[in-house]
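Breakdown of the fold
Spelled out, the chains give:
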Amino acid sequence: MNPSDVFNEFMQKFESQWGQDLASVDNEMRAQIRRVARTAFDKMDLVTREEFDVQCAVLARSRETLDRLEKTVQELQQQLATQSPNTE
């Protein structure tokens, strides 16, 4: 679902909730409501659920890699500490 679809779905829900009240509003006012809502949505920088899920998966894999690398660095530091004479 692209951001335009999200906006259209929002407007459909909005209009269904305000159905009777919007029936008395003329077309110019409806167009103004749509413009204001569109501007607000555009400023929100929304992403689709699919994009969000993909980024969550990427983040989880990156976190796993980082955890493995941190463990490897710790092990290497311990090996170096045991191999090097203490020069303090």
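The paragraphs below set out a description of the structure included in this document.

For the rest of this paragraph, the subject is the pattern of salt bridges. In total, this model carries 3 salt bridges according to the counting rule given. Across the pair arginine 38 and aspartate 42 runs a salt bridge, and its minimum N-O distance is 3.9 Å. Placement of the pair is arginine 38 and aspartate 42 together in helix 3 (residues 27-44), with a separation of 4 residues, close to one helical turn. For aspartate 42, a relative accessible area of 52% corresponds to the exposed category.

Time to look at the packing of aromatic side chains. According to the stated counting rule, one finds 1 aromatic pair in the structure shown. Residues phenylalanine 10 and phenylalanine 41 carry aromatic rings whose centres are separated by 4.9 Å and whose planes lie at 45 degrees to one another, so their mutual orientation is tilted. One end of the pair, phenylalanine 10, is in helix 1 (residues 3-17); the other, phenylalanine 41, is in helix 3, and 31 residues separate them in sequence. Of the residues examined, phenylalanine 10 reaches a relative accessible area of 34% and is grouped as partly exposed.

Scoring rules and cut-offs
- Residues numbered from 1 in each chain as written.
- Predicted model: local features only at pLDDT ≥ 70, side-chain atom pairs only at ≥ 80, totals over all residues.
- Heavy atoms only, no water.
- Salt bridge = Lys/Arg side-chain N within 4 Å of Asp/Glu carboxyl O.
- Helix = DSSP H or I, 4+ residues; strand = E, 2+ residues; numbered from the N terminus.
- Buried < 20%, exposed > 50% of the residue type's maximum accessible area, 1.4 Å probe, protein only.
- Phe/Tyr/Trp six-rings, centres within 6.5 Å; stacked < 30°, edge-to-face > 60°.

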